[in-house]
Protein chains: 2
Amino acid sequence: MLKNEMTELLQIQYPIIQAPMAGGVTTSKLVAEVSNSGSLGMIGAGYMTPNQMREQIKEIKQLTSNPFGINLFVPDEYDVIEEEVKSVNEILNPIREQLDLPGKDSFEITNFNTAFETFIDQIGVVIEEKVPICSFTFGIPSKKVIAKLKKNNIILVGTATTVREAVENEKAGMDIVVVQGSEAGGHRGNFIDGYQESLVGLMSLIPQVVDNVNIPVISAGGIMDGRGLMASICLGAKGVQMGTAFLTCIESGAHKIHKEAILNATEDNTILTRSFSGKWARGIKNKFILEMQRHERFLPDFPVLNILTQDIRKASSDQNNLDFVSLWSGQSPRLAKSQTVESLIKNIIAEANKINLDIQRF
Amino acid sequence: MLKNEMTELLQIQYPIIQAPMAGGVTTSKLVAEVSNSGSLGMIGAGYMTPNQMREQIKEIKQLTSNPFGINLFVPDEYDVIEEEVKSVNEILNPIREQLDLPGKDSFEITNFNTAFETFIDQIGVVIEEKVPICSFTFGIPSKKVIAKLKKNNIILVGTATTVREAVENEKAGMDIVVVQGSEAGGHRGNFIDGYQESLVGLMSLIPQVVDNVNIPVISAGGIMDGRGLMASICLGAKGVQMGTAFLTCIESGAHKIHKEAILNATEDNTILTRSFSGKWARGIKNKFILEMQRHERFLPDFPVLNILTQDIRKASSDQNNLDFVSLWSGQSPRLAKSQTVESLIKNIIAEANKINLDIQRF
């Protein structure tokens, strides 16, 4: 049931990947439980140090003998303009005050510019620890990095938001491409096309990508249940990657206020913002997003802004305050449930099987 | 094959509705051919006078004995502010000059404010001519109008872009609701939710609507082939409404340059604009859209702006000039083909049947 070249390549039972959500969501328990349930658990390692990665990989190996994967952010060039940082801090300081945080007007330059070195070290850990699957967001790694990973028999998964980006992933040697529709929560993965151009719904995007690449296509964005899985398969995808559906699971490390915000939201409550990190991302509307909207166009790029808002997001979260923390969510919050990973996957497969049978009666 | 409560209600063979594209696309030949092929042909009558409607209905009755439908725009209150019109004309006059059109600085007030009367007359024609199916866009008609149509056994189809709008359609007595995803080309049908909130992809939108209404849900936006039809059915829709796929058909009345623009476009070439009509709509990027972008927020509402840009759109079209005419398209232009309606529908059904069989092999 539901076997195909994607499940065979990844050696998993069901064509379901748990999206590698960065920032503490993908606990070892979540990743291991997903892999134990016959799907692919993924570590969202984008913000992790090599040591944190190694520790979590070892922990997961204790909890499952099934394959699991890891996701890394492909670093890009960026500028740190001291004047720009100062003016952002002027905007952020009144918010810091509301959270009883000290104001800031300068920053340590040394916080930045280590992204490329860190990435190479992260790749080293993936190889040393023999993580069987490695996926990438925000771009395609260099030929050298790809060759090194391939030499170590690591299966490579790219991310694309348009046909062109999917084709580039295939050309670069990715074994599988995750195609992110406009429905998706969290950061947009666009790296060639602009953010506006990249906002294509899955109903349009999947068949157009499938017609133009030969590697297996994974559908991502707003998929929460057996209906989304079967629809993706009909469109030509070989499987799905689901974020929000796993984020509200018992085993996920997302903050309680984040889970509750999703469980209480409706499909028209999410919005695209670049105010948290400098990269466009979809989350549930809150005070921070609305207050920052008028500054949005003038804020620095990722990862500069992400580092600058870090203290605010952390304090808001620590204070159980919804107002100033990123509440990433796809466009299907009405379908989110508080349940175990096991129950989520069981329900998806049962619903998919039911749809299979029902379609026969047409 | 592919029968359900929607096909039974509409008395059609296949769960496919040709979207009622206004502005000359839905020729009698297109509508009749769609109905003759076992799907539902629809007249896009939004901009028609009652007499034009009557004439086309009679013509179609000569060409098919199968059911067909008609779509009307539900009128809304609007203001005509003379100063606003003058300032728009100042923006539009340089474009008029490029098209050898005379400049304008005032307008005939009598062009406006007849929308409500026209609508009542249009409803009268639908009843007199016994058109079996009537659909609505841009809102829900008054209780009185709905009661009158129902008394005459006309099947009513509403349009929604969010769960809330779908629920309101059901409450008002609509028999079927067409749910328009963010992928859709042409005008957004949102009437309660704002334009931004209404941009939900079908993968997210359909299951959330299906869970909240009891009437049949029709999926609309970016659907071009058997894959989109089967995916929509998996998501819980009872059928699909397709616009762009019919627009490029041989029988469609769309201008040659419009058809060619779609046939040459890619998924990342469409954009949302309100510069043509005052209502947000998705079309292929061109000079007019890009030049008007900086004025977009200050332009008057529909239908005022639509009337003001009419001479420009017409002249651009007459001169085979792509630059200043609306090139409405959904997000799947790579899937558009120049073919007959018969061949389009045959291909959809053949592909849907193939998917049906393939899924069994999972």
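Residues numbered from 1 in each chain as written. Chains lettered and ligands numbered in written order. Predicted model: local features only at pLDDT ≥ 70, side-chain atom pairs only at ≥ 80, totals over all residues. Heavy atoms only, no water.

Points about the overall build of chain A
Here comes step 1: A tally of regular secondary structure across chain A gives 15 helices and eleven strands.
Here comes step 2: For 362 residues, the compact-globule estimate of 2.2 N^0.38 gives 21 Å, and the C-alpha radius of gyration of chain A, at 20 Å, lies within 12% of that figure.
Here comes step 3: In terms of principal-axis extent, the alpha carbons of chain A reach across some 60 × 45 × 40 Å.
Here comes step 4: By the burial criterion, 62% of the 362 residues in chain A qualify as buried.
Here comes step 5: Across chain A, the fraction of contacts at a sequence separation of at least 24, relative to all contacts at a separation of at least 6, is 68%.
Here comes step 6: For chain A, the accessible area works out to roughly 14400 Å², and carbon and sulfur atoms hold 48% of it. (Helix = DSSP H or I, 4+ residues; strand = E, 2+ residues; numbered from the N terminus. Rg over C-alpha atoms; globule rule 2.2 N^0.38 Å. Buried < 20%, exposed > 50% of the residue type's maximum accessible area, 1.4 Å probe, protein only. Contact = heavy atoms within 4.5 Å. Areas by Shrake-Rupley, 256 points an atom, 1.4 Å probe, with all protein chains shown as cover.)

Brief notes about the sheet that holds strand β11 (residues 281-284) of chain B
Residues and elements named next belong to chain B.
Here comes step 1: A sheet is described by the order of its strands in space; here three strands give the open sequence β7-β11-β10, paired in antiparallel fashion. Only two strands of the sheet have a single neighbouring strand rather than two, namely β7 (186-187) and β10 (270-273).
Here comes step 2: In the sheet, β7 pairs with β11 via two bridges, with the strands oriented antiparallel. Note on β11: the bridge partner recorded for G186 is R282. (Pairing = 2+ DSSP bridges.)

Observations concerning the pattern of salt bridges
Residues and elements named next belong to chain A.
Here comes step 1: According to the stated counting rule, one finds 42 salt bridges over all chains in the structure shown.
Here comes step 2: Two residues, D193 and R164, come together in a salt bridge whose shortest N-O distance is 2.8 Å. Residue D193 is located in the loop between β7 (186-187) and α8 (202-210), and its partner R164 is located in helix α7 (residues 163-172); the two are separated by 29 residues in the primary sequence.
Here comes step 3: On the accessibility criterion, D193 (5% relative accessible area) is buried.
Here comes step 4: Given a relative accessible area of 41%, R164 falls into the partly exposed group.
Here comes step 5: In this structure, a network of salt bridges that share partners links the residues R54, K58, K61, E128 and E129. (Salt bridge = Lys/Arg side-chain N within 4 Å of Asp/Glu carboxyl O.)

Regarding the interface of chain A and chain B
Here comes step 1: Taken together, the contact pairs 48 residues of chain A with 48 residues of chain B.
Here comes step 2: Each partner contributes to the roughly 3900 Å² buried at the junction of chain A and chain B, and carbon and sulfur atoms together form 57% of this total.
Here comes step 3: The tally of links between chain A and chain B comes to six salt bridges.
Here comes step 4: The interface formed by chain A and chain B includes 18 residue pairs in polar contact (both at pLDDT 80 or more). (Buried area = accessible area lost by both parts, 1.4 Å probe. Polar contact = N/O pair within 3.5 Å; in protein donor to acceptor, adjacent residues only side chain to side chain.)

Some points on the relation of the copies chain A and chain B
Here comes step 1: Superposing chain A onto chain B requires a rotation of 180 degrees together with a translation of 0.0 Å along the rotation axis, leaving an RMSD of 0.0 Å. Here the symmetry operator amounts to a two-fold rotation axis. Measuring from the rotation axis to each C-alpha of chain A, the shortest distance belongs to A:A231, at 2.0 Å.
Here comes step 2: Comparing interface residues between copies, 100% of those in chain A also lie at the interface in chain B; the contact surface is shared. (Least-squares fit on C-alpha atoms with pLDDT ≥ 70 in both.)

Examining the sheet that holds strand β3 (residues 68-73) of chain B
All names here are of chain B.
Here comes step 1: Read across the sheet, eight strands follow the order β1-β9-β8-β6-β5-β4-β3-β2 without closing on themselves; strand pairing throughout is parallel. Pairing within the sheet leaves two strands with one partner each, and these edge strands are β1 (16-18) and β2 (41-44). Across this sheet, the average inter-strand angle for adjacent strands is 25 degrees, counted without regard to direction.
Here comes step 2: Pairing of strand β4 (residues 133-137) with strand β5 (residues 155-160), which is carried by three bridges, proceeds in the parallel orientation. Looking at β5, one finds that I133 is bridged to I155. (Axes fitted to C-alpha atoms, helices over the stretch in contact; angles between N-to-C directions.)

Describing the pairing of strand β8 (residues 217-220) of chain B
Residues and elements named next belong to chain B.
Here comes step 1: A two-sided burial pattern is seen for β8, the buried positions comprising V217 and S219 on one face and I218 and A220 on the other.
Here comes step 2: Inspection of the sheet shows strand β6 (residues 176-180) paired to β8 by four bridges, in the parallel sense. For Q180, the partnering residue across the bridge sits in β8 and is A220.
Here comes step 3: In this sheet, strand β9 (residues 239-242) lies alongside β8 in parallel orientation, the contact comprising three bridges. The residue bridging S219 from the neighbouring strand is V240, located in β9.
Here comes step 4: For the crossover from β8 across helix α9 (residues 226-235) to β9, the handedness is right-handed. (Right-handed = clockwise from strand over helix to strand, strands pointing away.)

A word on the pairing of β9(B)
Residues and elements named next belong to chain B.
Here comes step 1: Burial along β9 is two-sided: G239 and Q241 and V240 and M242, pointing in opposite directions, are all buried.
Here comes step 2: Two strands pair when backbone bridges link them, and β1 and β9 are joined in this way by three bridges, in the parallel orientation. Bridged to Q18 within β9 is M242.

Notes on the nonpolar core
Here comes step 1: A:V209, A:M242, A:F246, B:V209, B:M242 and B:F246 are the most contacted members of the largest nonpolar core, which totals 108 residues.
Here comes step 2: In this view, A:F246 contacts A:I16, A:I17, A:Q18, A:M21, A:L30, A:V34, A:S252, A:V341, A:L344 and A:I345; residues no more than four positions away in its chain are not counted. (Core = buried A, V, L, I, M, F, W, Y, C linked by side-chain atoms within 4.5 Å.)

A short note on the environment of B:N264
Residue and element names in this part refer to chain B.
Here comes step 1: Mapped onto the elements, N264 comes out in the loop between α11 (256-263) and β10.
Here comes step 2: Owing to a relative accessible area of 65%, N264 belongs among the exposed residues under this scheme.
Here comes step 3: Once the C-alpha coordinates of N264 and R334 are considered, the two residues, 70 residues apart in sequence, prove to be 7.7 Å apart.

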